[in-house]
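# Observations on the model geometry
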Amino acid sequence: MQILFFKNKQCYIILLALLLTLSLAGCGKEKFFSSLGFRASSPDTAEGLALKGLDYYSHGKYEKAKRSFETLLNQYPFSEYSLLAELKTADSNFYLENYEEALLQYKDFEERHPTNEAIPYVMFQLAMCYYRQIDKIDRDTSAATNAIYAFSKLLRAFPNSVYKDEAQTRIKAARNFLANHEYYVASFYERTY
């Protein structure tokens, strides 16, 4: 009986030392318990998902940011962070060069929130999605045409926005692309006939 009591006392001392070490280690106890298969009982909050997404976004981890913002939108669609998540999901797609998906998301944002203060930015990004899809001069010109239209729409709606100079520069570049395309096509037909 004496040996059994000593073993139990020894287990208690070891357990107490372990708990004291974990409490001094701070966040190490979360890693310790998760390694044992325990999980936190409360799910991520909308604020937590937004902060995590913004952290990933600011470090250029756009795929992880996109997933975090999409989770926020799916789990907390009426949260105060849902507008931010909608916009940053589109931005993440833009930087991942998923321009078609970003286009749809920017258009949805513009339609759902027409009076939001971010609309000039959204319109600029929408135009940039088209602009970034401009290819070589021997290819389809619809991206350049759509970019010119979208930048012009931005300039008409918000003539004094911070994007004014950039939009005008991009319009000129897209028009130059179209002129070079026409010259290329004319040269091609001149050589073949």
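Refer to the structure presented above.
Residues numbered from 1 in each chain as written. Predicted model: local features only at pLDDT ≥ 70, side-chain atom pairs only at ≥ 80, totals over all residues. Heavy atoms only, no water.

## Describing the overall build of the protein
Secondary structure summary: the protein contains nine helices and zero strands in total. Going from the N terminus to the C terminus, the protein shows its helices and strands as α-α-α-α-α-α-α-α-α. The 193 residues of the protein split such that 32% are buried. Sequence-distant contacts, at least 24 apart, represent 52% of the contacts inside the protein between residues at least 6 apart. With an accessible surface of roughly 13,300 Å², the protein has 57% of that area assigned to carbon and sulfur atoms. (Helix = DSSP H or I, 4+ residues; strand = E, 2+ residues; numbered from the N terminus. Buried < 20%, exposed > 50% of the residue type's maximum accessible area, 1.4 Å probe, protein only. Contact = heavy atoms within 4.5 Å. Areas by Shrake-Rupley, 256 points an atom, 1.4 Å probe, with all protein chains shown as cover.)

## Quick word on the packing of aromatic side chains
Evaluated as defined, the whole model comprises nine aromatic pairs. Aromatic pair Tyr57 and Tyr62: ring centres 5.4 Å apart, planes at 70°, arrangement edge-to-face. Relative accessible area serves as the criterion here: at 14%, Tyr57 is assigned to the buried category. (Phe/Tyr/Trp six-rings, centres within 6.5 Å; stacked < 30°, edge-to-face > 60°.)

## Describing the pattern of salt bridges
All chains considered together, the criterion is met by six salt bridges. With a shortest N-O distance of 3.9 Å, Lys66 and Glu101 are connected by a salt bridge. Taken as a pair, Lys66 in helix 4 (residues 62-75) and Glu101 in helix 6 (residues 99-112) lie far apart in primary sequence, 35 residues in all. Between Arg112 and Asp108 there is a salt bridge; the shortest N-O distance is 3.7 Å. Taken together, the residues span about one helical turn, with Arg112 and Asp108 both in helix 6 at a distance of four residues. Note on Arg112: relative accessible area 52%, which makes it exposed. A network of salt bridges, in which partner residues are shared, links Glu86, Asp108 and Arg112. (Salt bridge = Lys/Arg side-chain N within 4 Å of Asp/Glu carboxyl O.)

## Quick look at the packing of helix 6 against helix 7 (residues 119-132)
Here helix 6 crosses helix 7 at 155°, and the two axes come no closer than 9 Å. The orientation of helix 6 relative to helix 7 falls into the category roughly antiparallel. Read as a crossing pair, helix 6 and helix 7 show a hand that is left-handed. Here Tyr99, Ala102, Leu103, Tyr106, Lys107, Phe109 and Glu110 of helix 6 come into contact with helix 7, specifically with Ile119, Tyr121, Val122, Met123, Gln125, Leu126, Cys129, Tyr130 and Arg132. In terms of residue class, the contact of helix 6 with helix 7 is made up of 12 nonpolar, one polar and three charged. (Axes fitted to C-alpha atoms, helices over the stretch in contact; angles between N-to-C directions. Parallel < 35°, antiparallel > 145°, perpendicular 65-115°, else oblique. Left-handed = near helix turned anticlockwise from the far one by under 90°. Nonpolar A, V, L, I, M, F, W, Y, C, P; charged D, E, K, R; others polar.)

## Regarding the layout of surface pockets
If you add up the space inside the largest pocket, you get close to 160 Å³. At the level of secondary structure, the elements contributing two or more residues to the lining of the largest pocket comprise helix 6, helix 7 and helix 8 (142-157). The leading source of residues in the lining of the largest pocket is helix 8, at four residues. Looking at side-chain class alone, the lining of the largest pocket contains five nonpolar, one polar and three charged residues. (1 Å grid on protein atoms, 1.4 Å probe; cavity = no way out; pocket = protein on both sides within 12 Å on 5 of 7 lines; lining within 4 Å. Points joined across faces, edges and corners; volume = space filled by probe spheres on them.)

## Here we look at helix 4
The terminal C-alpha atoms of helix 4 lie 20 Å apart, and with 14 residues this matches the ideal 20 Å at 1.5 Å per residue to within 8%. All of the buried residues in helix 4 are Ala65, Lys66, Ser68, Phe69 and Leu72. The buried residues of helix 4 occupy an angular sector of 165° when projected down its axis, which confines them to one face. Lining the buried residues of helix 4 we find helix 3 (46-58), helix 5 (82-95) and helix 6. (Expected span 1.5 Å × (residues − 1). Arc of directions from axis to C-beta.)

## Some words on the packing of helix 7 against helix 8
As a packed pair, helix 7 and helix 8 sit with axes 7 Å apart at the nearest point and diverge in direction by 165°. Here helix 7 is positioned roughly antiparallel relative to helix 8, judged by the angle of their axes. Note that helix 7 runs across helix 8; the crossing there is left-handed. From helix 7, Pro120, Met123, Phe124, Ala127, Met128, Tyr130 and Tyr131 reach across to helix 8, where they touch Ala143, Asn146, Ala147, Ala150, Phe151, Lys153, Leu154 and Ala157.

## Some points on helix 7
Taking 1.5 Å of rise per residue, the 14 residues of helix 7 would be expected to cover 20 Å, and the 20 Å separating its terminal C-alpha atoms lies within 8% of that figure. Here helix 7 lies mainly inside the structure; 12 of its 14 residues are buried. Three or more residues of helix 7 are buried, namely Ile119, Pro120, Val122, Met123, Phe124, Gln125, Leu126, Ala127, Met128, Cys129, Tyr130 and Tyr131.

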